[in-house]
Amino acid sequence: MAELIEELRFYARASLLIVDEIGYLPITSGGANLFFLLVKARYEKGAMILTSNRGFAEWGEVFGETVVATALLDRLLHHAVVVQIEGASYRLRQHADLIPEHTSAHANSAPPLPPKRRGRPPKNGGADHHRG
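Note that the coordinates shown come from a computational prediction; the quantities given were computed from them, not determined experimentally. (Residues numbered from 1 in each chain as written. Predicted model: local features only at pLDDT ≥ 70, side-chain atom pairs only at ≥ 80, totals over all residues. Heavy atoms only, no water.)

**Student:** How would you explain the pattern of salt bridges if you had to name every residue and give the values?
**Tutor:** Across all of its chains, the model carries 4 salt bridges by this definition. Here Glu 6 ties to Arg 13 by a salt bridge, and the two come within 3.9 Å at their closest N and O atoms. Relative accessible area serves as the criterion here: at 39%, Glu 6 is assigned to the partly exposed category. Residues Glu 58 and Arg 54 are paired through a salt bridge, measuring 3.0 Å at the closest nitrogen-oxygen approach. Look at Arg 54 and you get buried, because its relative accessible area is 12%. A single salt-bridge network, built from bridges that share partners, covers Glu 6, Arg 9 and Arg 13. (Salt bridge = Lys/Arg side-chain N within 4 Å of Asp/Glu carboxyl O. Buried < 20%, exposed > 50% of the residue type's maximum accessible area, 1.4 Å probe, protein only.)

Now the structure itself:
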């Protein structure tokens, strides 16, 4: 148990943590709980970059439990910038003719953008106007 706590502290201390391909491999219940503990430890303390070809609506399936997925997304999307990339795989662009249609369509799916910010718009439409 002490080793696990030390590992979490190690990953929580990094100024930037990159987690690639979330949802590509199955995540066990224990793995989902550990990932939640890591995200919770880093919340508002360190930057994270996550990549996934699974939409946020699928994260309940990815992590095996919608409660864990919702708690993760709550922390991950707060202050987040979501970049959605669409199109064919960069690595497979030279062999696109060899990939079956049903496979390439799934490979191009990306997480949906979060809802637009609601509320009163910034004063001056968000632009600074200085008078001289």
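Moving on, there is more to tell.
**Student:** How would you sum up the pairing of strand 2 (residues 47-50)? Please name residues and give values.
**Tutor:** Where strand 1 (residues 16-19) meets strand 2, 4 bridges bridge the pair, whose relative direction is parallel. Residue pairing in the sheet places Ile 18 in a bridge with Ile 49 of strand 2. Read from strand 1 through helix 2 (residues 29-42) to strand 2, the crossover connection turns out right-handed. (Pairing = 2+ DSSP bridges. Helix = DSSP H or I, 4+ residues; strand = E, 2+ residues; numbered from the N terminus. Right-handed = clockwise from strand over helix to strand, strands pointing away.)

**Student:** Describe the packing of aromatic side chains, and please don't skip the residues or the numbers.
**Tutor:** A complete count under the given rule lists 4 aromatic pairs for this structure. Here the aromatic rings of Phe 56 and Trp 59 are separated by 5.7 Å at their centres, their planes lie at 70°, and the arrangement is edge-to-face. The class of Trp 59 is buried, set by a relative accessible area of 2%. Each ring, one from Trp 59 and one from Phe 63, has its centre 5.5 Å from the other, and the planes form 55°; the classification is tilted. Accessibility classification places Trp 59 together with Phe 63 in one group, the buried group. (Phe/Tyr/Trp six-rings, centres within 6.5 Å; stacked < 30°, edge-to-face > 60°.)

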